[in-house]
Amino acid sequence: MDNQQAKVTDIEIGWVVGLLDGEGSFFLNGRNHKGDRPHTRKYQITPFIHIVNQSIPILNKLTDILDRLELAYYVQWNESHRRTGQFTRYTWILWVAGFKRIERFLNMFQPYIVGKSKQADVLRDFINSRKEQLKGNSNSSYTEEEIGMIDKIKTLNNTQGQSDVPQRLHARQRVLIS
């Protein structure tokens, strides 16, 4: 019993989801190997989730929660340089990559994601589609729909937060009569 890890609370799950909604990004990265066309076995699409921040206490809390959930991740440190070339700050990026890791991550957090739920849905759809395509055939090419999901998630990421709704909930649209 001494080796049992501390349970993750619902509040901690909510905290991670808030961080995902606010600081997280969802990607499908498609790339050609040696210039091959998308329908060849050399084309690879990889799902990614990442969270970027500067706060070390936030990173420590996040990694503690993910460790207790036994979810795999990778942390990358970046030095930011402004156009002057001078160092300005460090940022960290927490990466989750690959089908099984993303699937476990989505199983834990997707039901609670609000702001980026459409991006999470695209990742889930992609993973489910690949699982279906790969049944009994580990060399299955990507479908047109799967390749199209790359652009779909890019579009969702680029239009995030853009709407006709006022940015402040208490703001009202006013008509000026002259």
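We now turn to the structure provided with this report. (Residues numbered from 1 in each chain as written. Predicted model: local features only at pLDDT ≥ 70, side-chain atom pairs only at ≥ 80, totals over all residues. Heavy atoms only, no water.)

## Considerations on helix 3 (residues 99-109)
And step 1. Buried within helix 3 are the following residues: I102, E103, F105, L106 and F109. For helix 3, the arc enclosing every buried residue in end-on projection is 165 degrees, short of the 170-degree limit, so these residues lie on one face. (Buried < 20%, exposed > 50% of the residue type's maximum accessible area, 1.4 Å probe, protein only. Helix = DSSP H or I, 4+ residues; strand = E, 2+ residues; numbered from the N terminus. Arc of directions from axis to C-beta.)

## Notes on the packing of aromatic side chains
And step 1. Inspection of the entire model under this criterion finds four aromatic pairs.
And step 2. On the numbers, 6.4 Å between centres and 20 degrees between planes, the contact of F126 with Y142 is stacked. A residue pair is termed long-range when its members are at least 10 positions apart, and F126 in helix 4 (residues 117-133) and Y142 in the loop between helix 4 and helix 5 (144-158) qualify at 16 residues.
And step 3. Residue Y142 is classed as buried on the basis of its relative accessible area of 10%.
And step 4. Through a chain of ring-to-ring contacts, three or more aromatic side chains come together here, namely F99, F126 and Y142.
And step 5. One Lys or Arg, K61, reaches over the ring of W15 and ends 5.0 Å from the middle of that ring. (Phe/Tyr/Trp six-rings, centres within 6.5 Å; stacked < 30°, edge-to-face > 60°. Lys NZ or Arg CZ within 6 Å of the ring centre and 35° of its normal.)

## Focus on the environment of G148
And step 1. Residue placement: G148 occurs in helix 5.
And step 2. Take G148: its relative accessible area is 34%, and that puts it in the partly exposed class.
And step 3. A C-alpha to C-alpha distance of 10.0 Å links G148 and F126, two positions 22 residues apart in sequence.

## Considerations on the nonpolar core
And step 1. Among the nonpolar cores identified, the biggest contains 37 residues, and L20, F26, L28, I49 and F109 are the most heavily contacted of them.
And step 2. Only helix 1 (10-23), strand 1 (24-31), strand 2 (44-53), helix 2 (56-68), strand 4 (87-97), helix 3, helix 4 and helix 5 provide two or more residues apiece to this core.
And step 3. In this structure, F26 is in contact with L20, F48, I49, L106, I113, K116, Q119, A120, L123, I153 and N157, ignoring residues within four places of it in sequence. (Core = buried A, V, L, I, M, F, W, Y, C linked by side-chain atoms within 4.5 Å. Contact = heavy atoms within 4.5 Å.)

Worth remembering: the numbers are spatial, not functional.
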